[in-house]
Amino acid sequence: MAAANLFLSGARVNRDFREALFDAANRAGVTPNEFCITAAAEKLMASGRRFPGVFQANDFEMVGVLPARDAA
């Protein structure tokens, strides 16, 4: 599957939301953009949308968005 650039801009949020977003992204070890894209992917998946090839297995657990599953 070919890669495509995604440029997110133009969003205006209040200072508290921005601080919370940057804090959560920092704690997850990713950039705020990566955190937002991962959150959007999680929401799309929860609504039944599928997009193979975009993410690797366990990506969501890696960034701390979803709790890790048992290894059993």
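In this text the structure is predicted, and so the values were computed from the model without any measurement. (Residues numbered from 1 in each chain as written. Predicted model: local features only at pLDDT ≥ 70, side-chain atom pairs only at ≥ 80, totals over all residues. Heavy atoms only, no water.)

1. Considerations on the packing of helix α1 (residues 15-28) against helix α2 (residues 32-46)
Between α1 and α2, whose axes approach to 8 Å, the crossing angle comes to 90°. Classified by the angle their axes make, α1 and α2 are roughly perpendicular. Contacts between α1 and α2 pair L21, F22, A24, A25 and A28 from the former with P32, F35 and C36 from the latter. The residue inventory of the contact of α1 with α2, partitioned by class, reads eight nonpolar, no polar and no charged. (Axes fitted to C-alpha atoms, helices over the stretch in contact; angles between N-to-C directions. Helix = DSSP H or I, 4+ residues; strand = E, 2+ residues; numbered from the N terminus. Parallel < 35°, antiparallel > 145°, perpendicular 65-115°, else oblique. Contact = heavy atoms within 4.5 Å. Nonpolar A, V, L, I, M, F, W, Y, C, P; charged D, E, K, R; others polar.)

2. Quick notes on the confidence of the model for the protein chain
It should be kept in mind that the predicted coordinates are not to be read in detail where pLDDT is low. Looking at the protein chain as a whole, its pLDDT mean stands at 77, while 68% of the residues score no less than 70. Model confidence for the protein chain, summarised as mean pLDDT per element, is weakest for helix α3 (residues 59-62) at 58 and strongest for α1 at 94. (pLDDT = per-residue confidence, 0-100.)

3. Let's talk about α1
For the α-helix, the turn length of 3.6 residues means that residues three or four positions removed from each other point alike. With 14 residues, α1 extends 20 Å between its outermost C-alpha atoms, agreeing within 8% with the 20 Å of an ideal straight helix rising 1.5 Å per residue. The distance from a side-chain oxygen at the start of α1 to the backbone nitrogen of D16 is 3.1 Å, and the residue carrying that oxygen is N14. Remark: G29 follows α1 within two positions and exhibits a positive phi of approximately 75°. (Expected span 1.5 Å × (residues − 1). Polar contact = N/O pair within 3.5 Å; in protein donor to acceptor, adjacent residues only side chain to side chain.)

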